[in-house]
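# A closer look at the structure
Each chain, written out:
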Amino acid sequence: MKTLRTSCAALALLLLGALHGQAVITIPGADGSDGALNVTADTVIDLSQAVTGAWDANNTANAGKGIYDPSKWAVVFKYSSVTVATGKTVTFKNHAAGLRLFGWSVEMLPSVEQ
């Protein structure tokens, strides 16, 4: 199974860059139901653990696992916040369907500790 590795710092910068100049962004379904993601050690997020359902459904019952929406061919995580400690990485293990698309919706701006 292939693994997609990304630098959380680069991801956070990308997200912050995308938000530049915008006061409020409303994302339907961004309800924080996956809880807070607090990365203090190198972390593997296994996309195959996502429950099957509509991407914008509340995921409180399966918090932290994400939702796999086969009609969108995507796994979506709805975090209340994302914090990544300095020098730590997040690695994504692919879903059994072979998809490589995933989304994070975060209720507040992600932070990368320096």
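From a predicted model like this one, the values you see are computed outputs, not experimental measurements.

Another point: the overall build of the protein chain. Along the backbone of the protein chain there are one helix and ten strands. Across the protein chain, contacts joining residues at least 24 apart in sequence account for 76% of those joining residues at least 6 apart. Counting every atom, the protein chain has about 6,500 Å² of accessible surface; 57% of that belongs to carbon and sulfur.

The topology assignment puts Tyr68 in strand E5 (residues 67-69). Judged by its relative accessible area of 9%, Tyr68 is buried. Separated by 29 residues in sequence, Tyr68 and Ala97 place their C-alpha atoms 9.8 Å apart.

Time to look at the side chain of Asn59. Here Asn59 lies in the loop between strand E4 (51-52) and E5. Of note is the side chain of Asn59, whose polar atom sits 3.4 Å from the backbone oxygen of Gly66. Excluding residues within four positions of it along the chain, Asn59 makes contact with Ser33, Asp34, Val51, Lys65, Gly66, Ile67 and Lys78.

Our next topic: the nonpolar core. Counting 13 residues, the largest nonpolar core has Leu37, Ile45, Leu47, Val75, Phe77 and Tyr79 as its most contacted members. Sorting the residues of this core by element identifies strand E2 (36-39), strand E6 (74-79), strand E7 (81-84) and strand E8 (90-93) as the ones contributing at least two each. At three residues, the largest contribution of residues to this core is made by E6.

On to the packing of aromatic side chains. This structure, assessed with the given rule, holds one aromatic pair. Considering the side-chain rings of Phe77 and Tyr79, the 5.6 Å spacing of their centres and the 10 degrees angle between planes classify their relative orientation as stacked. Summarising the burial analysis for this pair, Phe77 and Tyr79 share the class buried.

In this section: the pairing of E2. Looking down a regular strand, the side chains alternate between one sheet face and the other. The alternating pattern of E2 places Leu37 and Val39 on a buried face, while none of Ala36 and Asn38, on the opposite face, is buried. Here four bridges tie E2 to E7, and the two strands are oriented parallel to one another. Following the sheet pairing, Asn38 is matched in E7 by Thr83.

Right, let's get into the confidence of the model for the protein chain. Here the protein chain shows a mean pLDDT of 74. Residues at 70 or above account for 61%. Note on residues 1-23: pLDDT is under 50 here. Beyond four places in sequence and across chains, it has 27 contacts.

With that settled, the discussion passes to unusual backbone geometry. The phi dihedral of Trp73 is positive, around 55 degrees, even though this residue is not glycine. Position of Trp73 relative to the elements: it lies in the loop between E5 and E6.

Here the focus is the pairing of E6. With six of six residues buried, E6 is to be regarded as a mostly interior element. Side chains Ala74, Val76 and Lys78 of E6 all project onto a buried face; the interleaved residues Val75, Phe77 and Tyr79 project onto the opposite face, where all are buried too. Sheet topology places E5 next to E6; three bridges connect them, and they run antiparallel. When the sheet's bridge partners are listed, Tyr68 is paired in E6 with Val75. Linking E5 back to E6 in an antiparallel pair, the connection comprises four residues, with Trp73 at a positive phi of about 55 degrees.

Conventions we followed
- Sequence positions are assigned chain by chain, starting from 1 and proceeding in written order.
- Where local features are concerned, this predicted model is filtered to residues with pLDDT of at least 70; where side-chain atom pairs are given and counted, the filter is 80 or more; whole-chain, interface and lining totals use all residues.
- Computation of side-chain values covers all heavy atoms of the structure but excludes hydrogens and water.
- A run of H or I in DSSP becomes a helix once it reaches four residues, and a run of E becomes a strand once it reaches two; helices and strands are each numbered from the N terminus.
- Residues are treated as being in contact if the distance between any of their heavy atoms lies within 4.5 Å.
- Accessibility throughout is a Shrake-Rupley quantity obtained with a 1.4 Å probe, and a residue counts as covered only by protein chains that appear here.
- Burial here depends on accessible area, computed with a 1.4 Å probe over protein chains only, as a share of the maximum for the residue type. Under 20% is buried, over 50% is exposed, and the range in between is partly exposed.
- Polar contact criterion, stated in full: a pair of N or O atoms within 3.5 Å, where within protein one must be able to donate a hydrogen and the other to accept it, and residues adjacent in sequence count only if both atoms are side-chain atoms.
- Put simply, a nonpolar core is a bunch of buried Ala, Val, Leu, Ile, Met, Phe, Trp, Tyr and Cys residues held in one set by side-chain atoms that sit within 4.5 Å of each other.
- In this scheme Phe, Tyr and Trp rings, the latter by its six-membered ring, pair at centre separations within 6.5 Å, and the angle between planes marks the pair as stacked below 30 degrees, edge-to-face above 60, and tilted otherwise.
- Any two strands with at least two DSSP-identified bridges between them are counted as paired.
- Confidence of the predictor in every single residue is expressed as pLDDT, which spans 0 to 100.

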